[in-house]
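# Structure at a glance
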Amino acid sequence: MGTWAHPPRYRLLGTLEVRAEDGWRVLRSGRQRTVLALLIVHANRFVSSSRLIDELWAQRPPNSAANALQVFVHQLRQFLGDGALTTKPGGYVLSVADGDADTMRFESLVLAARAAVDRGEHRKALALVDDAVALWRSQPFADVPEGEELAAEHVRLDELSWSARQHRADAWLGLGKFAEAVGELRALTAEQPLNEGHWVRLMAALYGAGRQADALEAYRAARETLVSALGVEQGEALRERHAQILAAVPIGEIVGVQSTSDGPAELPAGTAVLTGRERELERLAEVFSGPAPLAVVSGQAGIGKTALAVHFGHSIVDRFPDGQLFVDLRGFGERAPMAPAEAMGRFLRALGAEPESVPADPDEASAALRSRLKGRRVLLVLDNAGDAEQVRPMLPGEPGCGVLVTSRSSLGGLVALNEARPIAAGVLDVEQSVLLVRRIVGSATIDADPVAAQELAEQCAGLPLALRVVSAHLLLHPDLGVAGMVARLRAGRLSELAIPGDPRAAVRSAFALSYYALPEAARVLFRRLSVIPGPTFGVDAAACLVESDVDGSLAVLVEAHLVEEPRPGRYRMHDLLREFAAELAAQVDDTGALRETLSLWCLHAVCAAVSAAMPGQLAAIELPPLTAAVKGTEFADALSANTWLGTEEENAIAVALAAGAGELTWKIALALVPHLDRAKHFRARLDVAEAGLAAARELGDAGAESRMLSNLGLAHYGASRYDEATRYQREALAVAEAADDERGQLAALGNLAMALEETGTLEEAEGCYRRSLAIAERRDEPGITALVLHNLGILLKLAKRYEESIEVLERAIDTWRELGNEWAEAMALSIVGDSLDGLERHEEAMRAFARAEPTIREAGDPRGAARCVRGVGTALRRLGRHEESLEHLLRALAEFEECGEEYGIASTDVEIGRTLAELGRREDAVARWRSALAWLEERGMPETESVRELLGS
């Protein structure tokens, strides 16, 4: 069996997914999924183009099939990166490392389970089958259009799945767990009624469970099924099993039940349901493959550390025939932690020591335990350890034994000094959460309301304890239903996530034990972090909430698994922990003042970042002074500022939306505008603009209201709602004029011009730009002057006044350069490239695009960079360099697809079509134009008519 320390890269046992740094990603195109699925199925082997084409078009390919396949492969190569997909003469090879596809892992685990059964290692076989079956999220290739080959592979995987379950039944029979085997075999005989082997095993399981009559009834049912379906009598194996049962042959002789060791077997009963722990189980298997395994499973309260440890312990008891020891060290609990001497005394007595011979001295007890373990193979499970010193005295002195520790702390000292291997248990994703509840309460309850089941999982935030508690409620109150449980969770999650009378089955109680074990400074920080509304936060955001050493307290919280550090310097809290912290903060802290402090920090930090990243583009904002608790954030250069904006964006948006009705709300919303515009985050732009407008109106500040109306209009502009954008800009201009607010007029005029431009009202738009330009120059505001010149240059280009456009844009470029805004300078240069192309100065246009592209890309604007790549491709076509043109245009298309820029995709398809047509590939060109036309027509885009003309030419 292979062991893997990482999740697979490709998942086919369900929907087709590819793992990336930011999680699992899916392909948008069904045919791309088909190509990738077939390449994964034949991983590391040559797959011919003709074979792929047959799979895609059921052996009736269109004339453009070869070209379409090339596009699919190009898009896949962009999607997968790192050279995974290579081209060979006549086909392709996808490189897939061992275990990097879930189908590979599944098959390997099933084969290993069969081998374990054959060797009599039944507990190991059970663990292997559990791991294999857990890889199935739903049916294989669930969202992949299957051709002949994939359909055959689907059947093969189904057969393997049935084999895996048969191996599990064999293992249960070998362990004498007949009741467990009956359920599995009942299901298998229902799914494969003509498989005599399933009936033979079912009869043995029923007989072993003391149900002789049921076993004989199973024989009758098997015989009737075979006669009815096939017209044949039962085989020799069925007749022999029938005779054995009638003769009352002992079950041990029939199935060879394993004998058990005389050593201690202290592991608690394992949970019947362990879901979503494939990665942790793989890591444990890797650690325990060594001669002296020592692993620390850590994680927050309720994450299921004990369940994981006990499940794994049961799966490896065959490797520790001299016994299994278990103790709850009470490191986190209402009772005092167990002293190591007490735990060692228990172990010594379990290993055969007379009670009066157990030393009272801790050092002597440790030495005695090491002596008892010498030469033995014993598994020690040390549950709920508080610190490393509780564990060290119990560590064996030589190889042979295994130690598995669980703790809410990481126990870094054991890792550093005792070579322990750390294994962090994380929360379950939504899919795994639903599966866990399904396995406990049954499929009927979940399938009755799958939408509510999804929300139920989300409300539990992936915490296994919470999921088990709600599952218990559903079983105890069957009339409640999933929707009813969800309604109760909405009303108060922490109160509902408890079983009355059992503090161990209460999420709030579990969290409280961790909280009260913290030092005071860490408690204060933990409570106050609940006011940070974003998904993650940095040290600066946390520091403004406390006066103490924030770095030290954060380290304590991370060690206690009350805060996570997904990457260095970025932190997050689990949803339910945040809710628990908020309850505590509401009782002790002034949360309103804390939120205002956080908002003040956020406003100053965003303004500093935008000023450094995009000089001249930050609107004039009068900043409230910093308080003693808030430190300003500084940036050395544009790159560090851009990095900060990309990292803190979600947090800053969340702060703006949660800040309330004060001036900080509209000022944060206004400060975020340049970044959100450049990043094309239109939904967020609209949300913060609406929040800012509401805050400005509640304050009764006409200047703020005008700026927020203009801001909201600009947000609608970014979302292509040009009528709405025009309406808000006219309203903003009217408010600013009534208040004699030139700053408000300046913003509204420029933004109104942009909206009018999109509706084709170019003459009025130009007038607005020129009025705005006059105000900006009079007020000596170079940043706004450059922005107006920039936008006026775009309008003149659209009006095909190319010479005037270039003249105006060069003035903008000069001003951007003086301000140090390299991104805006490069963007203006790319528009100059468009105008040069309009003047048929194609060589100059190509150079302009090529110069602009790297700066735009480095600034984090992939759409702008793709636009430059397309510009180069268009210029190359007009210069007659068609092959180079096609290469650039396909690259631009892939980049637009990557960032979801639909207009960019459509307009690039039009250009690709033109290049293909000039290469004599008219049919391929028409396919491109038709695809683009469908999108353009649906949205009433002005390019629609020109594409119709291309199709009619």
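For the structure, see preceding data.
In short, a report on the structure. (Residues numbered from 1 in each chain as written. Predicted model: local features only at pLDDT ≥ 70, side-chain atom pairs only at ≥ 80, totals over all residues. Heavy atoms only, no water.)

## Comments concerning the overall build of the protein
Each helix and strand counted, the protein has 45 helices and 16 strands in total. Per-residue burial over the protein gives 53% buried out of 953 residues. Across the protein, contacts joining residues at least 24 apart in sequence account for 66% of those joining residues at least 6 apart. For the protein, the accessible area works out to roughly 40,400 Å², and carbon and sulfur atoms hold 50% of it. For the protein, the centre of its 101 positive side-chain charges and the centre of its 139 negative side-chain charges are spaced 3 Å apart. (Helix = DSSP H or I, 4+ residues; strand = E, 2+ residues; numbered from the N terminus. Buried < 20%, exposed > 50% of the residue type's maximum accessible area, 1.4 Å probe, protein only. Contact = heavy atoms within 4.5 Å. Areas by Shrake-Rupley, 256 points an atom, 1.4 Å probe, with all protein chains shown as cover. Lys, Arg positive; Asp, Glu negative; His and termini not counted. Charge placed at Lys NZ, Arg CZ, Asp CG, Glu CD.)

## A closer look at the pairing of strand S2 (residues 17-20)
Taken together, the 2 bridges between strand S1 (residues 10-11) and S2 define a ladder with antiparallel strand orientation. Bridge pairing links Tyr-10 to Val-18 in S2. Linking S1 back to S2 in an antiparallel pair, the connection comprises 5 residues, with Gly-14 at a positive phi of about 140°. Taken together, the 3 bridges between S2 and strand S3 (residues 23-25) define a ladder with antiparallel strand orientation. Bridge assignment links Val-18 to a residue of S3, and that residue is Arg-25. Between the end of S2 and the start of S3, which pair antiparallel, lie 2 residues. (Pairing = 2+ DSSP bridges.)

## Notes on the layout of surface pockets
There is about 1,700 Å³ of room inside the second largest pocket. Lining of the second largest pocket is provided by 47 residues; of these, Arg-279, Val-427, Leu-428, Asp-429 and Gln-432 occupy positions nearest its centre. Of all elements in the fold, only S2, S3, helix H4 (102-119), helix H12 (278-287), helix H18 (430-441), strand S15 (564-567) and helix H28 (575-588) reach the threshold of two or more residues within the lining of the second largest pocket. Across the lining of the second largest pocket, the residue classes break down as 19 nonpolar, 9 polar and 19 charged. (1 Å grid on protein atoms, 1.4 Å probe; cavity = no way out; pocket = protein on both sides within 12 Å on 5 of 7 lines; lining within 4 Å. Points joined across faces, edges and corners; volume = space filled by probe spheres on them. Nonpolar A, V, L, I, M, F, W, Y, C, P; charged D, E, K, R; others polar.)

## With respect to a nonpolar patch on the surface
Among the surface-exposed residues, Leu-194, Leu-230 and Val-232 lie close enough to one another that they form a single nonpolar patch of about 250 Å² accessible area. Looking at the element boundaries, Val-232 is found in the loop between helix H9 (212-230) and helix H10 (236-246). By relative accessible area, which is 40% here, Val-232 ends up partly exposed. (Patch = residues over 30% accessible without salt bridge, like charges linked within 9 Å, V, L, I, M, F, W, Y side chains within 5 Å. Salt bridge = Lys/Arg side-chain N within 4 Å of Asp/Glu carboxyl O.)

## Regarding the pairing of strand S8 (residues 324-328)
Remark: a regular strand shows side chains that alternate across the two faces of the sheet. Among the 5 residues that make up S8, 4 are buried, leaving the element largely enclosed by the rest of the structure. Pairing analysis gives 5 bridges linking S8 to strand S9 (residues 379-383), with the strands arranged parallel. Of the residues in S9, the one forming a bridge with Phe-326 is Val-381.

## Thoughts on the pattern of salt bridges
Under the criterion given, the structure shown has 69 salt bridges. Salt-bridge contacts for Glu-236 lead to Arg-239; the nearest nitrogen and oxygen are separated by 3.4 Å. Of this pair, Glu-236 and Arg-239 are both found in helix H10, 3 residues apart, which corresponds to roughly one turn of the helix. Salt bridges linked by common partners bring Asp-130, Arg-165, Arg-168, Glu-184 and Glu-191 together as one network.

## What about the sheet that holds strand S4 (residues 47-48)?
If you walk across this open sheet you meet the 3 strands as S4-S6-S5, and the pairing is antiparallel. Two strands bound the open sheet, and with one partner strand each, they are S4 and strand S5 (85-88). Judged from the 2 bridges that link them, S4 and strand S6 (residues 91-94) form a sheet pairing that is antiparallel. Bridge assignment links Val-47 to a residue of S6, and that residue is Tyr-92.

## Observations regarding the packing of helix H7 (residues 178-191) against helix H8 (residues 196-208)
The contact between H7 and H8 brings their axes to 8 Å, and the two run at 150°. As far as their axial angle goes, H8 and H7 are roughly antiparallel. Read as a crossing pair, H7 and H8 show a hand that is left-handed. Of H8, the residues touching H7 (which contributes Phe-178, Ala-181, Val-182, Leu-185, Arg-186, Leu-188 and Thr-189) are His-198, Trp-199, Arg-201, Leu-202, Ala-204, Ala-205, Leu-206 and Gly-208. Class assignment for the residues of the contact of H7 with H8 results in 10 nonpolar, 3 polar and 2 charged. (Axes fitted to C-alpha atoms, helices over the stretch in contact; angles between N-to-C directions. Parallel < 35°, antiparallel > 145°, perpendicular 65-115°, else oblique. Left-handed = near helix turned anticlockwise from the far one by under 90°.)

## Thoughts on the environment of Gly-442
Looking at the element boundaries, Gly-442 is found in the loop between H18 and helix H19 (443-447). A relative accessible area of 24% places Gly-442 in the partly exposed class. Considered as a pair, Gly-442 and Arg-770 are 328 residues apart in the sequence and their alpha carbons are 69 Å apart.

## Examining the packing of aromatic side chains
Taken as a whole, this structure holds 13 aromatic pairs when the rule is applied. Residues Phe-288 and Phe-312 carry aromatic rings whose centres are separated by 5.3 Å and whose planes lie at 65° to one another, so their mutual orientation is edge-to-face. Pair noted here: Phe-288 is in the loop between H12 and strand S7 (294-298) and Phe-312 is in helix H13 (residues 305-315), with a separation of 24 residues, a long-range link. Across the pair, exposure class does not vary: Phe-288 and Phe-312 are buried alike. Three or more aromatic residues joined by ring pairs form one cluster here, namely Phe-511, Tyr-515, Tyr-516, Phe-526 and Phe-580. One cation-aromatic arrangement involves Arg-523 over Tyr-515; the distance from NZ or CZ to the ring centre is 5.7 Å. (Phe/Tyr/Trp six-rings, centres within 6.5 Å; stacked < 30°, edge-to-face > 60°. Lys NZ or Arg CZ within 6 Å of the ring centre and 35° of its normal.)

## Comments concerning the nonpolar core
If you look at the biggest cluster of nonpolar residues, it comprises 180 residues, and the most contacted ones within it are Phe-288, Phe-526, Leu-529 and Phe-537. No other element matches helix H29 (residues 591-613), which puts 12 residues into this core. (Core = buried A, V, L, I, M, F, W, Y, C linked by side-chain atoms within 4.5 Å.)

## Regarding the sheet that holds strand S14 (residues 537-538)
Across the sheet, 3 strands lie side by side as S14-S16-S15; this open sheet has antiparallel pairing. Each edge of the open sheet is held by one strand with a lone partner, namely S14 and S15. Alignment of S14 against strand S16 (residues 570-572), held across 2 bridges, turns out to be antiparallel. Note that in S16 the partner of Phe-537 across the bridge is Tyr-571.

## Points about the packing of helix H31 (residues 663-679) against helix H33 (residues 702-718)
The contact between H31 and H33 brings their axes to 11 Å, and the two run at 30°. As judged from the angle between their axes, H31 and H33 are roughly parallel. Crossing of H31 against H33: the hand is left-handed. The segment H31 lies against H33, with Trp-666, Ala-669, Leu-670, Val-673 and Asp-677 engaging Ala-704, Arg-707, Met-708, Asn-711 and Leu-714. Split by residue class, the contact of H31 with H33 holds 7 nonpolar, 1 polar and 2 charged.

## Points about the side chain of Thr-275
Within the secondary structure, Thr-275 is located in the loop between helix H11 (251-255) and H12. Reaching out from Thr-275, the side chain makes a polar contact with the side chain of Arg-439 at a distance of 3.0 Å. Once you skip the residues sitting within four places of it in the chain, Thr-275 turns out to touch Leu-428, Gln-432, Leu-435, Leu-436 and Arg-439. (Polar contact = N/O pair within 3.5 Å; in protein donor to acceptor, adjacent residues only side chain to side chain.)

## A word on helix H39 (residues 822-838)
With 17 residues, H39 should reach 24 Å at 1.5 Å per residue; the first-to-last C-alpha distance of 25 Å fits that figure. Among the 17 residues that make up H39, 14 are buried, leaving the element largely enclosed by the rest of the structure. The first or second residue beyond H39 is Glu-840, which carries a positive phi of 65°. (Expected span 1.5 Å × (residues − 1).)

## Looking at the side chain of Thr-597
Assignment of secondary structure puts Thr-597 in helix H29. Judged by its relative accessible area of 18%, Thr-597 falls in the buried class. Setting aside its immediate chain neighbours within four residues, Thr-597 contacts Cys-544 and Val-630.

## Points about the environment of Trp-136
In this fold, Trp-136 is placed in the loop between helix H5 (122-134) and helix H6 (148-175). Taking the C-alpha atoms as reference points, Trp-136 and Leu-12, 124 residues apart in sequence, are found 8.6 Å from one another. When residues no more than four places from it in sequence are discounted, the contact partners of Trp-136 are Leu-13, Phe-106, Leu-157, Asp-158 and Ser-161.

## Brief notes about helix H37 (residues 782-798)
Given a rise of 1.5 Å per residue, 17 residues ought to cover 24 Å, and the 24 Å separating the end C-alpha atoms of H37 matches this to within 8%. Counted residue by residue, H37 has 12 buried out of 17 residues, so it is predominantly covered. Here H37 has its buried residues at Gly-783, Thr-785, Ala-786, Val-788, Leu-789, His-790, Asn-791, Leu-792, Gly-793, Leu-795, Leu-796 and Lys-797. Tucked into the core, H37 has its buried residues touching helix H35 (742-758), helix H36 (762-778), helix H38 (802-819), H39 and helix H41 (862-878). Once H37 ends, the next one or two residues include Lys-800, with phi positive near 65°.

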